[in-house]
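Structural overview for review
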Amino acid sequence: MTMHAGTTLSTAHDQPLLDLTQHEIQALRTEFNLADAHTHQRQSAAQHEIVGRLPQLWYEAEEGLQATYEQRFTEAFFRLHRQPTALARNKTLLSYAASISTMVVAMYLKQRRAAVTLVEPCFDNLHDVLSNMGVPLYPVEESALHDPDRIYTELKRRVRTDALFLVDPNNPTGFTLMRHGRKGLEEVVRFCKDHNKLLVIDFCFASFTLYDPELARFDVYELLEESGVSYLAIEDTGKTWPVQDAKAAMLTASEDIKDDIYNLHTSVLLNVSPFVLNMLTQYVENSRKDGLASVRDVLDTNRAAVREALRGTILDYQEPVAKTSVAWARITHPELTASELQRELRAEGVYVLPGRYFYWSQPGRGEPYVRMALARETEMFAGAMQRLRKVLDRYAR
């Protein structure tokens, strides 16, 4: 793994922190952990009832068939996400973390000796997993996807590799191709089909496009399947429900590479815990009933708290297209970097992520940005915002 230049924060053993996950590990020890995007908020009333039924769900899983709980979970998930084609095709492979699905993707790319164009910025573990597998990587700026009328032209100009790897909605920016309905993804698919590129899409934040009146997650698998493009799609539960990291990820492949992916997947793992799948199914079904309110309400409250805390300061909140579970903010002070601001905040018990790691090919381009996680208990988050504002007020405009 390559060290990111300029990193000076260290672990207890005085070793430089090499990636965002190492920062997130350090943040677990702080009073106000706004680093990792995992779900740390409390249970809603309906979710409390699910927790109360955990013994029952455990014994159900002991008595039932693995295939039953896999099918129930997959059906519930794709119904919530309004993806009938994925449901009908019935070829999605389950794992216990999106990183595992990404590893399988990387193994396939390595096997094919394929080079990849990866969107930038993005969460750096995508780069690290691919790079550690020996997959050659080249960046494409997210801005190449912003204008649907120019996507095809921009990708044709910039992408010279065998595969294109996108994140939608993107982490950390919240940009999504669905900003303009179907056209954005249609243009990406058209480019990949015309130029024989494998399209890899990380949909791990896609739940945040559901029940949003300004966005509509259409049946993306219908588009992918009917186009004939070679594709791999990753989905995940880990950023949506407060289940203490008892999660599941999904990997779906186009027909032409499905068997190759299956053979790699079975070399990695046998199955996801039937108890975890049984439990997750209850959370998914509850979100179908409440329109994801138990998830969205917490995020909306904390997003409003961020906007208020940053008002009139040197941090400008960057409005996302998709209202994801993270906030991205730009530093306007000409002499302050994200790494420096992060160190100041950490000294006050608030841990945010510096933007340099998201810009995996040119870390310096991320120094004007910081990322804050929103999936936190609202009272704790309000305290973090007070502490954050105290530090920002040192740099009064």
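Residues numbered from 1 in each chain as written. Predicted model: local features only at pLDDT ≥ 70, side-chain atom pairs only at ≥ 80, totals over all residues. Heavy atoms only, no water.

Below, the discussion takes up the UniProt feature "domain: Aminotransferase class I/classII large" (unreviewed entry) in the chain. What UniProt calls "domain: Aminotransferase class I/classII large" (unreviewed entry) maps, in this numbering, to residues 76-374. For residues 76-374, helix accounts for 39% and strand for 17%, while the C-alpha atoms at its two ends are 25 Å apart. (UniProt positions renumbered as here; feature names shortened; annotations may be inferred. Helix = DSSP H or I, 4+ residues; strand = E, 2+ residues; numbered from the N terminus.)

This next bit is on the sheet that holds strand β10 (residues 326-331). Judged by pairing direction, the sheet is antiparallel, and its four strands sit side by side in the order β9-β10-β13-β12 without closing on themselves. Each edge of the sheet is formed by a strand with only one pairing partner; in this case those strands are β9 (315-317) and β12 (353-354). Pairing of β12 with strand β13 (residues 369-373) involves two bridges; the strand directions are antiparallel. Within the sheet, the bridge partner assigned to Leu 353 lies in β13 and is Arg 371. (Pairing = 2+ DSSP bridges.)

Take the packing of aromatic side chains next. Two numbers describe a pair of aromatic rings. These are the distance of the centres and the angle of the planes. If you walk through the whole model with that rule in mind, you get twelve aromatic pairs. Between Trp 328 and Tyr 369 the ring centres are 4.9 Å apart and the planes differ by 5°, which places this aromatic pair in the stacked class. With Trp 328 in strand β10 and Tyr 369 in strand β13, the pair connects residues that are 41 residues apart, well separated along the chain. Just as Trp 328 is buried, Tyr 369 falls in that class too. On the basis of an interplanar angle of 20° and a centroid distance of 6.3 Å, the ring pair of Tyr 359 and Tyr 369 is categorised as stacked. Of this pair, Tyr 359 sits in the loop between β12 and β13 while Tyr 369 sits in strand β13, placing them ten residues apart in sequence. No difference in accessibility class separates Tyr 359 from Tyr 369, as the two residues are buried. Through pairs of rings, three or more aromatic residues link up here, namely Phe 73, Phe 77, Phe 78, Phe 203, Tyr 221 and Tyr 231. Here the basic side chain of Arg 82 rests over the ring of Tyr 211, its NZ or CZ set 4.6 Å away from the ring centre. One cation-aromatic arrangement involves Arg 190 over Tyr 152; the distance from NZ or CZ to the ring centre is 4.0 Å. (Phe/Tyr/Trp six-rings, centres within 6.5 Å; stacked < 30°, edge-to-face > 60°. Buried < 20%, exposed > 50% of the residue type's maximum accessible area, 1.4 Å probe, protein only. Lys NZ or Arg CZ within 6 Å of the ring centre and 35° of its normal.)

Here Gln 47 shows up in helix α2 (residues 45-52). A polar contact of 2.9 Å, which involves the side chain of Gln 47, links it to the backbone nitrogen of Ser 44. If near-sequence neighbours (up to four positions away) are discounted, Gln 47 is found in contact with Arg 42, Trp 241, Pro 242, Tyr 283, Asn 286 and Ser 294. (Polar contact = N/O pair within 3.5 Å; in protein donor to acceptor, adjacent residues only side chain to side chain. Contact = heavy atoms within 4.5 Å.)

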